[in-house]
Amino acid sequence: MAHKVCLIRGDGVGPELVAGVEVILKAAKVDIDWIDVEAGLKCVEAGKPIVPEETVAKIKEIGVGLKAPMTTPIGKGSVSPNVTLRKKLDLYACVRPVRSLPGIKTPFDGLDIVIFRENTEDLYTQIEYMATEHVAHSVKIISDSASEQICQAAFEYARANGRKKVVGVHKANIMKIGDGMFLRSFKKVAADYPDIESWDNIVDNQCMQLVTKWKLYDVLVMPNLYGDILSDLAAGMMGGLGVAPGANYGKKCALFEAVHGSAPKYTGMDKVNPMALLLSATLMLDHLGEHAARVNIEGALEATLNKGIKTYDLGGTATTSGFSAAVASELK
Ligand code: NAD
């Protein structure tokens with residue numbers, strides 16, 4: 001029976017990337033019944049909410065979605081569609097695996113880290129106001145329940161996937177109450193997993209250690225903002241935003257998306273790398289139990305890269321559609 005999957009085609013380069021991924025999944029003979037749902041800038045331009053209620057309801061009903069990047073209007077006005085979706089679907093765990101990929105040379109050989117980012121609170125509550133005419137307040141919320149939930153997800157993942165270490169990342173030396181609560185939650189959860197080695201690092205030190213001692217790290221777990229920043233840093237280490245996949249998990253739904261945004265300046269140019277969305281789709285295939293298809297696609301991707309077929313961000317000349325067709329032709 002076909003897997004039902006909601007599909008958000010996104011803004012900017014989103015639709016081009018989705019087209020590429022559709023070609024590859026079809027060629028891999030994965031039976032998916034795509035259900036198009038709307039969100040993002042297109043909705044705002046059509047006078048609708050940035051994330052219409054029917055979109056949220058449909059993803060809740062189906063339980064799985066693939067999402068291309070969406071544009072967040074900057075400044076006053078609309079909230080982020082990404083943050084809104086994560087909150088409305090209670091996708092509390094943002095999971096971003098970063099690893100060295102065959103055929104992509106970086107200074108970070110042997111990179112293999114999974115970042116767990118808390119997805120629902122911290123400075124992403126979008127609660128901001130002017131305290132006086134000249135002073136703005138942005139509210140940072142950290143709760144013990146959300147902190148324990150994400151730490152537990154990280155430790156459970158480590159145990160289930162043969163990972164040996166989980167490191168909690170925070171800034172509790174300065175934000176003693178908020179990040180202090182995250183750190184206490186991390187230590188409380190860690191005590192339930194004596195089989196997994198664990199320690200904590202202050203976020204600035206973690207950034208430095210990530211680029212100097214990346215092989216020391218296995219699973220990292222942290223509040224929302226640090227996760228946002230560190231996962232882009234780690235994306236750069238694996239070859240750039242064009243190759244870094246991501247997944248958002250809640251108790252009832254899962255939504256898969258690339259780490260990168262809608263790269264508006266490349267819209268319609270058939271230029272950007274579809275790998276990040278494709279690798280996000282392979283995480284989705286694992287979630288759907290389609291492990292053989294995931295392995296098949298990863299093999300085809302490796303064969304394509306090894307032939308030197310790459311998009312501009314990896315030093316190549318392939319287009320989005322050309323690269324996607326090349327991967328599809330390598331499938332077994
Ligand atoms: P971006 O990730 O869209 O692009 C930054 C740069 O990274 C691009 O100019 C390009 O050089 C490179 N890049 C990104 N994706 C690439 C790809 N697939 N292949 C090759 N190179 C790629 O970040 P931005 O310009 O800061 O944000 C643009 C919009 O995207 C904003 O509205 C932002 O809010 C939104 N955004 C959305 C998401 C999401 O949907 N999950 C994530 C981040 C940013």
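Residues numbered from 1 in each chain as written. Predicted model: local features only at pLDDT ≥ 70, side-chain atom pairs only at ≥ 80, totals over all residues. Heavy atoms only, no water.

### Remarks on the domain arrangement of the protein
Next up, step 1: You can read the domains of the protein as domain 1 (1–94 + 242–332) and domain 2 (107–115 + 131–238).
Next up, step 2: The centre of domain 1, based on its C-alpha atoms, is set 25 Å off from the matching centre of domain 2.
Next up, step 3: Listed as interface residues are eight residues of domain 1 and, on the opposing side, eight residues of domain 2.
Next up, step 4: Three residues stand out in domain 1 for area buried against domain 2, namely Tyr 92, Val 243 and Val 259, and they jointly supply 56% of the buried area on that side.
Next up, step 5: For the interface between domain 1 and domain 2, the tally reads zero salt bridges.
Next up, step 6: Joining domain 1 to domain 2, the criterion identifies one residue pair in polar contact (both at pLDDT 80 or more).
Next up, step 7: Among the residues forming the side of domain 1 that touches domain 2, the class breakdown is seven nonpolar, no polar and one charged. (Domains from an automatic or database assignment. Contact = heavy atoms within 4.5 Å. Buried area = accessible area lost by both parts, 1.4 Å probe. Salt bridge = Lys/Arg side-chain N within 4 Å of Asp/Glu carboxyl O. Polar contact = N/O pair within 3.5 Å; in protein donor to acceptor, adjacent residues only side chain to side chain. Nonpolar A, V, L, I, M, F, W, Y, C, P; charged D, E, K, R; others polar.)

### Some remarks on the site of the ligand
Next up, step 1: In the vicinity of the ligand lie 22 residues, with Met 70, Thr 72, Gly 261, Ala 263 and Asn 273 positioned nearest.
Next up, step 2: The contact in question runs from an oxygen atom of the ligand to an N or O atom on the backbone of Thr 72, over 2.8 Å.
Next up, step 3: At a separation of 3.0 Å, a nitrogen atom of the ligand approaches a polar side-chain atom of Tyr 312.
Next up, step 4: For the ligand, the protein covers 71% of the area, taking 810 Å² as the surface of the free molecule. (Near = heavy atom within 4 Å. Areas by Shrake-Rupley, 256 points an atom, 1.4 Å probe, with all protein chains shown as cover.)

### Side note on the pattern of salt bridges
Next up, step 1: Enumeration over the complete set of coordinates arrives at 20 salt bridges.
Next up, step 2: The residue Asp 36 makes a salt bridge to Arg 9 at a minimum N-O spacing of 2.6 Å. Here the residue Asp 36 occupies a position in strand S2 (residues 32–36), and Arg 9 occupies one in the loop between strand S1 (3–8) and helix H1 (14–27), the gap between them amounting to 27 residues.
Next up, step 3: On the basis of relative accessibility, which here comes to 45%, the residue Asp 36 falls in the partly exposed class. (Helix = DSSP H or I, 4+ residues; strand = E, 2+ residues; numbered from the N terminus. Buried < 20%, exposed > 50% of the residue type's maximum accessible area, 1.4 Å probe, protein only.)

### What about the sheet that holds strand S8 (residues 165–170)?
Next up, step 1: Strand order across the open sheet formed by ten strands is S2-S1-S3-S12-S11-S4-S5-S10-S8-S9, with mixed pairing between neighbours. Two strands close off the open sheet at either side, each with one partner strand: S2 and strand S9 (197–202). Between one strand axis and the next, the sheet turns through 25° on average, direction left out of account.
Next up, step 2: Its contacts with the sheet put helix H4 (residues 81–88) on S1, strand S3 (64–67), strand S4 (93–99), strand S5 (112–118), strand S11 (245–249) and strand S12 (254–258), and the angle it makes with S12 is roughly 160°.
Next up, step 3: Its contacts with the sheet place helix H7 (residues 203–212) against S5, S8, S9 and strand S10 (219–222), and it is angled at close to 110° to S9. (Pairing = 2+ DSSP bridges. Axes fitted to C-alpha atoms, helices over the stretch in contact; angles between N-to-C directions.)

### Quick word on the nonpolar core
Next up, step 1: Grouped together as the largest cluster of nonpolar side chains are 62 residues, with contacts concentrated most on Leu 66, Leu 220, Met 275 and Met 284.
Next up, step 2: Looking at this core element by element, the count peaks at seven residues for helix H9 (residues 275–287).
Next up, step 3: The residues that make up this core include at least three from each of domain 1 (1–94 + 242–332) and domain 2 (107–115 + 131–238).
Next up, step 4: Contacts of Met 275, omitting those with residues within four sequence positions, involve Leu 101, Ile 104, Gly 242, Val 243, Leu 301, Leu 305, Leu 314 and Phe 323. (Core = buried A, V, L, I, M, F, W, Y, C linked by side-chain atoms within 4.5 Å.)

### Structural notes on the pairing of S4
Next up, step 1: Of all seven residues that make up S4, six are buried, and the element is covered over most of its length.
Next up, step 2: When S4 meets S5, the two strands line up antiparallel, connected through seven bridges. Bridge pairing links Arg 96 to Ile 115 in S5.
Next up, step 3: Of the pairings in the sheet, the one linking S4 to S11 comprises three bridges and is antiparallel in character.

### Quick look at the packing of aromatic side chains
Next up, step 1: One pass over the full model with this rule turns up seven aromatic pairs.
Next up, step 2: Here Phe 108 and Trp 214 contribute two aromatic rings whose centre-to-centre distance is 5.0 Å and whose plane-to-plane angle is 80°, an arrangement assigned as edge-to-face. Placement of the pair is Phe 108 in the loop between S4 and S5 and Trp 214 in the loop between H7 and S10, with a sequence separation of 106 residues. Accessibility assignment for this pair places Phe 108 and Trp 214 in one class, buried.
Next up, step 3: Taking the centre distance of 5.9 Å and the plane angle of 45° together, the rings of Trp 199 and Tyr 217 count as tilted. (Phe/Tyr/Trp six-rings, centres within 6.5 Å; stacked < 30°, edge-to-face > 60°.)

### Focus: the packing of helix H5 (residues 144–160) against helix H6 (residues 178–190)
Next up, step 1: Remark: H5 packs on H6, axes separated minimally by 8 Å, with the N-to-C direction vectors making an angle of 45°. The pairing of H5 with H6 is recorded here as oblique in orientation. Of the two elements, H5 crosses H6, and the hand of that crossing is right-handed. For the pair formed by H5 and H6, the contact residues are Asp 144, Ser 147, Glu 148, Ile 150, Cys 151, Gln 152 and Phe 155 on the first element and Met 181, Phe 182, Ser 185, Phe 186, Lys 188, Val 189 and Ala 190 on the second.
Next up, step 2: Of the residues assigned to the contact of H5 with H6, the class counts are eight nonpolar, three polar and three charged. (Parallel < 35°, antiparallel > 145°, perpendicular 65-115°, else oblique. Left-handed = near helix turned anticlockwise from the far one by under 90°.)

### Brief notes about H6
Next up, step 1: With 13 residues, H6 ought to run about 18 Å at 1.5 Å a step, and its terminal C-alpha atoms sit 19 Å apart, in line with that.
Next up, step 2: Every buried residue of H6 is listed here: Asp 179, Gly 180, Phe 182, Leu 183, Ser 185, Phe 186, Val 189 and Ala 190.
Next up, step 3: Among the structural elements, H5, S8, S9, S10 and helix H8 (224–238) are those in contact with the buried residues of H6. (Expected span 1.5 Å × (residues − 1).)

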